[in-house]
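Chain by chain, the residues run as shown.
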Amino acid sequence: MLSQVTDIHLFSVGRDGRTVTLVRWGQMGDFEDAPLTAFRTTTKTAVNKLWP
């Protein structure tokens, strides 16, 4: 019997003025495997680097 395979993907869109950035992350697994805290930190870092 095959085990059930699931995928988890996280997307965020950040904007600073007219500049927009998209952060995307994905892996095989389920919601318990998603690194939400690290993803939020990465998104904040990406937006902060738009305009130093």
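Residues numbered from 1 in each chain as written. Predicted model: local features only at pLDDT ≥ 70, side-chain atom pairs only at ≥ 80, totals over all residues. Heavy atoms only, no water.

## A look at the pairing of strand S2 (residues 19–28)
Bridging between strand S1 (residues 7–16) and S2 involves 10 bridges; their strand directions are antiparallel. Considered in S2, the bridge of Asp-7 is made with Met-28. Connecting S1 to the antiparallel partner S2 that follows it, the hairpin turn spans two residues, and Gly-17 within it adopts a positive phi of roughly 70 degrees. (Pairing = 2+ DSSP bridges. Helix = DSSP H or I, 4+ residues; strand = E, 2+ residues; numbered from the N terminus.)

## Topic: the nonpolar core
Listed in full, the five residues of the largest apolar core are Ile-8, Leu-10, Val-23, Ala-34 and Phe-39. Sequence-distant contacts of Leu-10, that is, excluding residues within four places in its chain, are made with Val-23, Arg-24, Trp-25, Ala-34, Leu-36 and Phe-39. (Core = buried A, V, L, I, M, F, W, Y, C linked by side-chain atoms within 4.5 Å. Buried < 20%, exposed > 50% of the residue type's maximum accessible area, 1.4 Å probe, protein only. Contact = heavy atoms within 4.5 Å.)

## Structural notes on a nonpolar patch on the surface
A contiguous nonpolar surface patch, about 430 Å² in accessible area, is contributed by Phe-11, Val-13, Val-20 and Leu-22. Of all the secondary structure elements, the ones that give two or more residues to the nonpolar patch are S1 and S2. Within the fold, Leu-22 resides in strand S2. For Leu-22, a relative accessible area of 55% puts it in the exposed group. (Patch = residues over 30% accessible without salt bridge, like charges linked within 9 Å, V, L, I, M, F, W, Y side chains within 5 Å. Areas by Shrake-Rupley, 256 points an atom, 1.4 Å probe, with all protein chains shown as cover. Salt bridge = Lys/Arg side-chain N within 4 Å of Asp/Glu carboxyl O.)

Purely geometric stuff here, so don't read any function into it on its own.
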